[in-house]
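# Notes for the structure review
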Amino acid sequence: MLKEFKNFLIKGNVVDMAVGFIFGAAFATVIKSLVTNIIMPPVGLLLGNVDFSSLFIALDGKTIKGFLTQDGYPLHILTAFCAKNRMSLGQETVEGKENEIVAIPRLLDLICIKNCIITIDAMGCQRAIANKIRENEADYILQVKGNQKTLLENLEDSFAVKKIITTDVNIDCGHGRVEVRKCSIITDLEFIEDAHKWKDLQTIIKIDSAVHFKKTKIDTTSTRYYISSLPAEATL
């Protein structure tokens, strides 16, 4: 349902949640087949007959502090994390001078993402990655920041002028603060330059967040933007 979609978006980066068991990322096609056809079915049963289709999978990278590779580079691991079941589905090492943009397609090919929804931070907001996700029969929600300057400006212009078709507000109280998040969605892509080059792009999303810290009485605000292949009436 759309409400689930928006509620997931406004929670931010779920990769900071506890990671369960890990399926290694070094065995390519063999491991992908093993995970998809052998491991996933019994895991689903153990977790209460969970259907692993239509799940959110967040991709995020972390650098391991105090550990260097044989080449002298910090060890950086890219992880695919299943939000619903709080478990890691796969990992890929970012080699040497590589960045996550190169490693993300390898990780997407390692795991089965069919019918899932892939969320990636701004580093992964690349047309080639969007294409890879759609080729693997999944949907994407990609964060847009300054590394995609023109796209970000297009999103800002769209939300300044275009009709917002749906909104949702969430209030979160805890840890000494009150946070109000508003999710807005637009389907009119007129202002998005070369929108057709983003595979199956259907919606653009804005998350406005206002935080009040009770102890210090400080108020902060922030805005995040996303693009997605999901329709506004997405059934999850």
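### Regarding the overall build of the chain
- Along the chain, the regular secondary structure elements total five helices and nine strands.
- Reading the helices (α) and strands (β) of the chain from amino to carboxyl end gives α-α-β-β-β-α-β-α-β-α-β-β-β-β.
- Each of the 236 residues in the chain was classed as buried or not, and the buried ones make up 44%.
- Once local pairs closer than 6 in sequence are excluded, the contacts in the chain between residues at least 24 apart make up 56%.
- Working note: accessible area of the chain is about 12600 Å², and carbon and sulfur atoms make up 53% of it.

### Observations concerning the side chain of Gln 148
- Considering the arrangement of structural elements, one finds Gln 148 in the loop between strand E5 (139-144) and helix H5 (149-161).
- For Gln 148, a relative accessible area of 18% gives the class buried.
- Setting aside its immediate chain neighbours within four residues, Gln 148 contacts Cys 125, Gln 126 and Trp 198.

### Things to note about the sheet that holds strand E8 (residues 203-213)
- Spatial strand order, E3-E2-E1-E4-E5-E9-E8-E7-E6: nine strands in an open sheet with mixed pairing. Strand pairing shows two members of the sheet lacking a second neighbour, strand E3 (87-94) and strand E6 (166-174), which therefore form its edges. With strand direction ignored, the average angle separating the axes of adjacent strands in the sheet is 25 degrees.
- Summarising the sheet, E6 and strand E7 (residues 177-186) pair through nine bridges and their orientation is antiparallel. Bridge pairing in E7 links Val 169 to Lys 182.
- Packing against the sheet, helix H4 (residues 127-135) makes contact with strand E4 (117-120) and E5, and its axis sits at approximately 160 degrees to E5.

### Observations concerning the confidence of the model for the chain
- For the chain, per-residue confidence averages 79 on the pLDDT scale, and residues scoring 70 or more make up 75% of the total.
- Between residues 10-47, whose pLDDT stays under 50, and residues either more than four places distant or in other chains, the model counts 66 contacts.

### Quick look at the nonpolar core
- Leu 59, Ile 118, Ile 133, Leu 142, Trp 198 and Ile 227 are the most contacted members of the largest nonpolar core, which has 40 residues in total.
- The dominant element in this core, judged by the number of residues it contributes, is helix H3 (residues 100-110), at five residues.
- If near-sequence neighbours (up to four positions away) are discounted, Leu 142 is found in contact with Ile 120, Gly 124, Cys 125, Ala 130, Ile 133, Trp 198, Tyr 225, Tyr 226 and Ile 227.
- Core analysis: the next-biggest nonpolar cluster, separate from the first, contains 11 residues, Ile 117, Cys 183, Ile 207 and Leu 230 among them.

### As for a nonpolar patch on the surface
- A cluster of nonpolar residues, Val 169, Ile 171 and Val 180, forms a patch on the protein surface that exposes about 260 Å² of accessible area.
- Looking at the secondary structure, you find Val 180 in strand E7.

### So, the pattern of salt bridges
- Under the criterion given, the structure shown has 13 salt bridges.
- The shortest N-O distance in the salt bridge between Asp 60 and Lys 62 comes to 3.3 Å.
- With a relative accessible area of 7%, Asp 60 lands in the buried category.
- You can call Lys 62 partly exposed: its relative accessible area is 39%.
- Each member of the salt-bridge network shares a partner with another, and the members are Asp 172, Arg 177, Glu 179 and Arg 181.

### What to know about H4
- Where H4 is concerned, the buried positions are Ile 129, Ala 130, Lys 132 and Ile 133. The arc enclosing the buried residues of H4, seen along the axis, measures out at 160 degrees, which places them on a common side. For H4, the exposed residues lying more than 90 degrees away from the buried face are Ala 128 and Glu 135.
- Looking at the buried side of H4, the elements it contacts are H3, E4 and E5.
- Within two residues after H4, Glu 137 carries a phi angle of roughly 65 degrees, on the positive side.

Reading guide: rules and limits
- Residues numbered from 1 in each chain as written.
- Predicted model: local features only at pLDDT ≥ 70, side-chain atom pairs only at ≥ 80, totals over all residues.
- Heavy atoms only, no water.
- Helix = DSSP H or I, 4+ residues; strand = E, 2+ residues; numbered from the N terminus.
- Buried < 20%, exposed > 50% of the residue type's maximum accessible area, 1.4 Å probe, protein only.
- Contact = heavy atoms within 4.5 Å.
- Areas by Shrake-Rupley, 256 points an atom, 1.4 Å probe, with all protein chains shown as cover.
- Pairing = 2+ DSSP bridges.
- Axes fitted to C-alpha atoms, helices over the stretch in contact; angles between N-to-C directions.
- pLDDT = per-residue confidence, 0-100.
- Core = buried A, V, L, I, M, F, W, Y, C linked by side-chain atoms within 4.5 Å.
- Patch = residues over 30% accessible without salt bridge, like charges linked within 9 Å, V, L, I, M, F, W, Y side chains within 5 Å.
- Salt bridge = Lys/Arg side-chain N within 4 Å of Asp/Glu carboxyl O.
- Arc of directions from axis to C-beta.

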